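These are the residues of each chain, in order.
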Amino acid sequence: MARAKHPKIPLPPRDGLGASRVRHDGPEPISAFDFILHLVATQRHRHPDDDEAAVLRRFDEGLVVLIDATPVQPSTPIPAGTDLFFYRRPAPEPSVPYDIETVYEDANIMVVNKPPFLATMPRAAHITETATVRLRRATGNEELTPAHRLDRMTSGLLLLTKRRDIRGAYQELFARREVHKRYEAVAAHTGVTSPVTWRSHIEKRPGEIASREVASAEPNSETVLRSVLRLAPTEEQRLQRIHGVSHPLSRYLLEPVTGKTHQLRVHMCSAGVPILGDPVYPTVHASDDGDFTIPLRLTSTGLDFIDPLSGSPRTFAADPWL
């Protein structure tokens, strides 16, 4: 039972969440009820109340449909190769105790300051505690969609489009690398000099938490370290207490040219200055989604681009996460 690629969804987002598209791969036909019940029962992060009765309610409410939006009945036989659409019910999640700050908003876009620990889009165990779902629920706009992504642990500027018809124009800006991005990271003060450009081949394998650098392959990632500035004593002492370190700290201004997964974290670690609070680099630590006291000190602090609709320059800025 595999998801089809490039899905067309006949059910609109509801309560901030999109519908799932699932395909019966056979080999024999199966009743729609048995098919959906199996998917729900084997869902890794499933709500404990999502039982047989809850599955039947989906059918009663017409919320299990074919690609043309035709509702199906529980007894309807589903041949191999048929796609069905329905809403999953995610498991309860620990609430991330930080707010999303709106930096800018107009008729087309919203720019927010995303806190750490909040994923950009629903994925794996993080479904409702994501920037997308929170903002859709807060605004009532089910078309609100990020034009790019930030790691769950990374804080800072996130641009979202407010209408489906303009979504592609802004997403293409990021895909074509026409957005100048600035990040600030805090790490040990070790004498790393700037400016310097880091290039390497980064890959992330399915099922693995950390990305890795492949020395034998052609570079596919590029980061410019623009400057390194020692923290003021008061700020340095505060962060030393929070993170339980005693070594001196600096703020690193980073400008990614490419956007590989965990690129800035990988490049900083390879340079001998892993970012303060990083639970993956250089060592993968056990996940504790209930502890929100030790954030990753990496913030998206600047976005500059030419607006694809108006042709005007846009500049957005945010302070590093406190």
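Along each chain, residues carry numbers from 1 onward, in the same order as the chain's sequence is written. Reporting in this predicted model follows two pLDDT cut-offs: at least 70 for local features of residues, and 80 or more for side-chain atom pairs to be given and counted; totals over whole chains, interfaces and linings ignore these cut-offs and use all residues. Calculation of side-chain values draws on the structure's entire complement of heavy atoms; hydrogens and water are dropped beforehand.

Colleague: Which parts of the structure should I look at to understand the side chain of H47?
Modeller: In this text, helices come from DSSP runs of H or I with a minimum length of four residues, and strands from runs of E with a minimum of two, each type numbered from the N-terminal end. By the secondary structure assignment, H47 is in the loop between α1 (32–41) and α2 (52–60). Partly exposed residues are those whose accessible area sits between 20% and 50% of the maximum for their type, while under 20% is buried and over 50% is exposed, using a 1.4 Å probe and protein chains only. By relative accessible area, which is 15% here, H47 ends up buried. With near-sequence residues (within four places) excluded, H47 lies in contact with R89, P90, A91 and P92. Note on contacts: a residue pair is in contact if any heavy atoms of the two residues lie within 4.5 Å.

Colleague: It is not clear to me how the packing of aromatic side chains should be interpreted in this structure. Could you clarify?
Modeller: How two aromatic rings sit relative to each other is set out by the distance from centre to centre and by the angle between their planes. Two rings from Phe, Tyr or Trp (for Trp, the six-membered ring) form a pair when their centres are within 6.5 Å of each other. A pair whose planes differ by under 30 degrees is stacked, one over 60 is edge-to-face, and the rest are tilted. Taken as a whole and assessed by the stated rule, the structure comprises 6 aromatic pairs. Centre to centre, the rings of Y98 and W321 are 5.1 Å apart; their planes meet at 80°, and the pair counts as edge-to-face. A residue pair is termed long-range when its members are at least 10 positions apart, and Y98 in the loop between β4 (82–86) and β5 (101–105) and W321 in the segment after β16 (313–317) qualify at 223 residues. For Y98, a relative accessible area of 22% gives the class partly exposed. Ring geometry for Y104 and F316: centres 5.3 Å apart, planes at 45°, overall tilted. Of this pair, Y104 sits in strand β5 while F316 sits in strand β16, and the two are 212 residues apart along the sequence.

Colleague: What is the right way to look at the nonpolar core in this model?
Modeller: Across soluble globular proteins, you tend to see nonpolar side chains buried next to one another. Note on terminology: a nonpolar core comprises buried Ala, Val, Leu, Ile, Met, Phe, Trp, Tyr and Cys residues joined through side-chain atoms within 4.5 Å. Counting 27 residues, the largest nonpolar core has V112, L135, L254, M268 and L298 as the members making the most contacts within it. Of all elements in the fold, only β6 (109–114), α3 (131–139), β8 (155–161), β9 (180–188), β14 (249–256) and α6 (263–270) reach the threshold of two or more residues within this core. Considering each element in turn, this core owes the most residues, 3 residues, to β9. Setting aside chain neighbours within four positions, we find M268 in contact with A185, A187, W198, Y252, L254, V273, P274 and I275.

Colleague: Help me understand the pairing of strand β1 (residues 20–24), please; the structure alone is not making it clear to me.
Modeller: A regular strand carries its side chains on alternate faces of the sheet. With 4 of 5 residues buried, β1 is to be regarded as a mostly interior element. Pairing of β1 with β4 involves 5 bridges; the strand directions are antiparallel. When the sheet's bridge partners are listed, V22 is paired in β4 with L84. Note on pairing: DSSP must find at least two bridges between two strands before they are called paired.

Colleague: How should I be thinking about the pattern of salt bridges in this particular structure?
Modeller: Where charged atoms from two side chains of opposite charge approach closely, those side chains can pair. Take a side-chain nitrogen of Lys or Arg and a carboxyl oxygen of Asp or Glu: if they are within 4 Å of each other, that pair is a salt bridge. Summed over the entire model, instances satisfying the criterion amount to 21 salt bridges. The salt bridge partner of E172 is R176, with a shortest N-O separation of 3.7 Å. Through salt bridges that share partners, R21, R23 and D83 make up one connected network.

Colleague: Where do I start with α1 in this structure?
Modeller: Note that an α-helix has 3.6 residues per turn; residues three or four places apart therefore point the same way. Taken across its 10 residues, α1 has 7 buried, putting it largely inside the fold. Considered for burial, the residues of α1 that qualify are A32, F33, F35, I36, L37, L39 and V40. The elements touched by buried residues of α1 are β1, β2 (30–31), α2, β3 (77–78) and β4.

Colleague: Would you mind showing me how to read the side chain of T299 here?
Modeller: Considering the arrangement of structural elements, one finds T299 in strand β15 (residues 298–306). Accessibility expressed as a relative area gives 2% for T299, which makes it buried. Here a polar contact means two N or O atoms within 3.5 Å. Within protein one must be a hydrogen donor candidate and the other an acceptor candidate, and residues neighboring in sequence count only if both atoms are side-chain atoms. A distance of 2.8 Å separates a polar atom in the side chain of T299 from a polar atom in the side chain of S155.

Colleague: Sorry if this is basic, but what is going on with helix α4 (residues 164–175) here?
Modeller: A helix is expected to span 1.5 Å for every residue after the first. Its 12 residues place the ends of α4 17 Å apart at the C-alpha level, agreeing with the 16 Å of an ideal helix rising 1.5 Å per residue. Taken as a whole, α4 has its buried residues at I166, R167, Y170, L173 and F174. The arc that holds the buried residues of α4, viewed along the axis, is 125°, so those residues lie on one side. Residues of α4 that are exposed and angled more than 90 degrees away from the buried face: D165 and A175. For α4, the secondary structure elements touched by its buried residues are β6, β7 (145–146), β8, β9 and β15. Once α4 finishes, R177 follows within two positions and takes phi at roughly 60°, a positive value. When we speak of the arc, we mean the arc of directions from the helix axis to the C-beta atoms.

Colleague: Which parts of the structure should I look at to understand a negative patch on the surface?
Modeller: A cluster of acidic side chains, namely D34, D49, D51 and E52, defines a negative patch on the protein surface. Mapped onto the elements of the fold, D49 is located in the loop between α1 and α2. Exposure remark for D49: the relative accessible area of 45% places this residue in the partly exposed category. Like charges within 9 Å and nonpolar side chains (Val, Leu, Ile, Met, Phe, Trp, Tyr) within 5 Å are joined into patches, using only residues over 30% in relative accessible area that form no salt bridge. A 1.4 Å probe and the Shrake-Rupley method give the accessible areas. Residues count as covered only by the protein chains that appear here. His is not counted here, nor are the chain ends, while Lys and Arg score as positive and Asp and Glu score as negative. For this purpose, a charge sits on NZ of Lys, CZ of Arg, CG of Asp or CD of Glu.

Colleague: Looking at this structure, I do not really get the environment of I109. What am I missing?
Modeller: On the secondary structure map, I109 appears in strand β6. Residues in contact with I109, not counting those within four places in the same chain, are Y104, L159, L160, T161, K162, Y170, R314 and F316.

Colleague: Got a minute to help me understand the environment of G302 in this structure?
Modeller: Here G302 lies in strand β15. Using a relative accessible area of 0% as the deciding quantity, one classes G302 as buried. Residues G302 and A138, 164 residues apart in the sequence, show an inter-C-alpha distance of 25 Å. When residues no more than four places from it in sequence are discounted, the contact partners of G302 are L157, H180, K181, R182 and F316.

Colleague: It is not clear to me how the environment of I166 should be interpreted in this structure. Could you clarify?
Modeller: Along the chain, I166 falls in helix α4. The class for I166 is buried, based on a relative accessible area of 5%. Once you skip the residues sitting within four places of it in the chain, I166 turns out to touch N108, T161 and L309.

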